[in-house]
Structures are given as structure tokens and as C-alpha cells.
Amino acid sequence: VIGSAQPRIEHRTKMPYTDAVVHEIQRFANILPMNLPHETTEDVTLKGYFIPKGTYIIPLLASVLRDESQWKKPDTFNPEHFLDPKGKFVKKEAFMPFSAGRRICAGETLARMELFLFFTSLLQRFTFHPPPGVTSSDLDLTPVVGFTTPPMPHKICAEPRS
Ligand code: HEM
């Protein structure tokens, strides 16, 4: 894990479970699994490995977001990955959908604010469920294969809450 060059701005809401759900969505959805490619600008030795100047590096975010040593059930959607036994939000160093270091996503703060606001606004106004005849276990969460991994197209019902 390469530390960020600048201190991260962390916004914690007073809604730890919602916070944990949004984090788990980002961990599990893993929308940019191969990050962006980088190149070493000088010779580097990292943990005993020599990497010459000019080497292309593809930092696999997927390998961290689904690392068995970091997550209790890496391949299962489980917001408890971000909660302690008392339900308090727990920050995880392996949570890095926005990458790390100097070239960390410049839009992280905006993206996280949007995710929180959109997610909570939608859930306040609608109840979501699979279409009639489909159970939640029928839903296929396998992502589309590609440089980015959006979900497969699927139908879902959104019913206005009274
Ligand atoms: C859920 C939403 C988003 C995710 C998961 C995401 C993820 C990422 C990742 C993994 C990188 C590559 C970092 C690296 O090279 O190590 C990146 C770069 C970048 N992102 Fe995002 N991003 C998101 C939304 C946004 C938004 C909303 C903006 C702008 C409004 C934005 C602007 C940028 C920019 C400018 C870079 C290039 C930074 C640089 O090379 O210095 N991103 N993003």
C-alpha cells in the first residue's frame, strides 16, 4: 500500500451503516479494476524488487479490494466489512477504489459526496426490488468484462414510498 502524498480529507456522516453500504458498494463494484497505467520516472526498489526507470506499471486495484488478507468475505457484498461490533464505521487501508499516492483520483471528494447524496435521496423516495417473478438470489452481479466494469444490464423496480 503506497501512502498518499497529501493528507486525505475524510468526511464521516452520522449514518455509519449507510456510510458502510456506500463503501462496500465501491469495494464490491470495483469499477476501475486495473486503475490507470503508470510509468516509473526513475529506478525504484520496492520491497526488494528492482523496477527500472521507464517500466509500465498497472496497479491492480481489484487485487486490494478483494484481498483475502484484508476482508473477511472478499467476494461477498457485506457492509460489515466497514463496521465494528458496535456498529461504528471503521476505515480500511485497503479501501482504495480511487487509487493512492500522488495521482489519486482528483474527483474523489466530489464523487463520494455525490454517491452519498444520490444513494440516500433515492432510498428515501423509493423502495427497490427485483421485477415480479425474480428473486434477489436470481440477480447476476457478475460485472461486464472490460477496462471499466459496470454491472450487466438488468431490470429493477423502483416504487415510490408513501
Ligand atoms: C466513483 C467515481 C470515481 C472513481 C471510482 C474514480 C477512480 C479514479 C481512479 C482509480 C483514478 C486513477 C488514479 C491513478 O492514476 O492512480 C482516477 C483519476 C482521476 N479522476 Fe477519478 N474516479 C471517480 C470519479 C471522478 C470524478 C467525479 C472526477 C472529476 C470530477 C474525477 C477526476 C479524476 C481525475 C482528474 C483523475 C486523474 C488524476 C491524476 O492523474 O492526477 N474522478 N479516478
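Before reading further, recall that the structure is shown in the block above.
None of these values were measured; they are calculated from a predicted model.

1. Considering the overall build of the chain
Phase 1 of the analysis: Helix and strand counts for the chain come out as 3 helices and 6 strands.
Phase 2 of the analysis: Listing the helices and strands of the chain from first to last along the sequence gives α-β-β-β-β-α-α-β-β.
Phase 3 of the analysis: Relative to its full complement of 162 residues, the chain shows a buried share of 25%.
Phase 4 of the analysis: Nonlocal contacts in the chain, meaning residues at least 24 apart in sequence, comprise 66% of its contacts between residues at least 6 apart.
Phase 5 of the analysis: Taken as a whole, the chain presents about 11900 Å² of accessible surface, with 61% of it coming from carbon and sulfur.
Phase 6 of the analysis: Side chains of the chain give 19 positive and 17 negative charges; the mean places of these two sets differ by 6 Å.

2. What to know about the site of the ligand
Phase 1 of the analysis: Taken together, the neighbourhood of the ligand is formed by 16 residues, with Asn35, His38, Ser99, Arg103 and Cys105 sitting nearest.
Phase 2 of the analysis: Separating an oxygen atom of the ligand from a side-chain N or O atom of Ser99 is a distance of 2.6 Å.
Phase 3 of the analysis: In this structure, Arg103 approaches the ligand through a side-chain N or O atom, which is 2.7 Å from an oxygen atom.
Phase 4 of the analysis: Along the lines of polarity and charge, the residues of the shell around the ligand split into 10 nonpolar, 5 polar and 1 charged.

3. Looking at the coordination of the iron atom of the ligand
Phase 1 of the analysis: The protein gives the iron atom of the ligand a lone donor atom, Cys105 (SG), placed 2.3 Å from the metal.
Phase 2 of the analysis: Tracing the sequence through the fold places Cys105 in the loop between helix H2 (61–65) and helix H3 (108–125).

4. Brief notes about H3
Phase 1 of the analysis: Between its first and last C-alpha, H3 extends 26 Å over 18 residues, near the 26 Å set by a 1.5 Å rise per residue.
Phase 2 of the analysis: Regarding H3, the residues found buried are Glu108, Arg112, Phe116 and Thr120. Along the axis of H3, the buried residues cluster in a sector spanning 80°; they form a single face.
Phase 3 of the analysis: Along its buried surface, H3 packs onto helix H1 (16–29).

5. Structural notes on the packing of H1 against H3
How two helices sit against one another is set out by the angle between their axes and by the gap between those axes.
Phase 1 of the analysis: For the pair H1 and H3, the least separation of the axes is 11 Å and the interaxial angle reads 115°. In the crossing of H1 with H3, the sense of the turn from one axis to the other is right-handed. Of the residues in H3, those in contact with Thr18, Val21, Val22, His23, Ile25 and Gln26 of H1 are Arg112, Leu115, Phe116, Phe119 and Thr120.
Phase 2 of the analysis: The class makeup of the residues in the contact of H1 with H3 is 6 nonpolar, 4 polar and 1 charged.

The rules behind each value
- For every chain, the first residue of its written sequence is number 1, and the numbers climb from 1 along that sequence.
- Whole-chain, interface and lining totals are the exception, using all residues; otherwise, since this is a predicted model, local features are given only for residues with pLDDT of at least 70 and side-chain atom pairs are given and counted only at 80 or more.
- Working from all heavy atoms in the structure, the side-chain values ignore hydrogens and water.
- We count a stretch as a helix when DSSP gives it H or I for four or more residues in a row; a strand needs E for two or more, and each element gets its number in order from the N terminus.
- To sort residues, take the accessible area from a 1.4 Å probe on protein chains only and compare it with the maximum for the residue type: under 20% means buried, over 50% means exposed, and anything in between is partly exposed.
- Any two residues whose heavy atoms approach within 4.5 Å are treated as being in contact.
- Areas reported here follow the Shrake-Rupley algorithm with a probe of radius 1.4 Å; residue values treat only the protein chains shown as occluding.
- The charge count includes Lys and Arg as positive and Asp and Glu as negative, but it does not include His or the ends of the chains.
- The location of each charge is read from NZ of Lys, CZ of Arg, CG of Asp or CD of Glu.
- We call a residue near a molecule or strand whenever a single non-hydrogen atom of that residue lies within 4 Å of it.
- Polar contacts here mean pairs of N or O atoms no more than 3.5 Å apart (in protein, one a potential hydrogen donor and the other a potential acceptor; neighbouring residues in sequence count only if both atoms are side-chain atoms).
- Note on residue categories: nonpolar means Ala, Val, Leu, Ile, Met, Phe, Trp, Tyr, Cys or Pro, charged means Asp, Glu, Lys or Arg, and polar means any other residue, Gly included.
- Only N, O and S atoms count as donors, using a 2.8 Å limit from the metal and a wider 3.2 Å limit for Na, K and Ca, and since water is excluded some coordination spheres may look unfilled.
- One less than the number of residues in a helix, times 1.5 Å, gives the span that helix is expected to have.
- The directions considered for the arc run from the helix axis to the C-beta atoms.
- Lines fitted to C-alpha atoms define the axes, with helix axes restricted to the stretch in contact, and inter-axis angles between N-to-C directions lie between 0 and 180 degrees.
- Note: crossing handedness is left-handed where the near helix turns anticlockwise from the far helix by less than a right angle, and right-handed where it turns clockwise.

Honestly, that's just the spatial picture; any functional story needs more than this.
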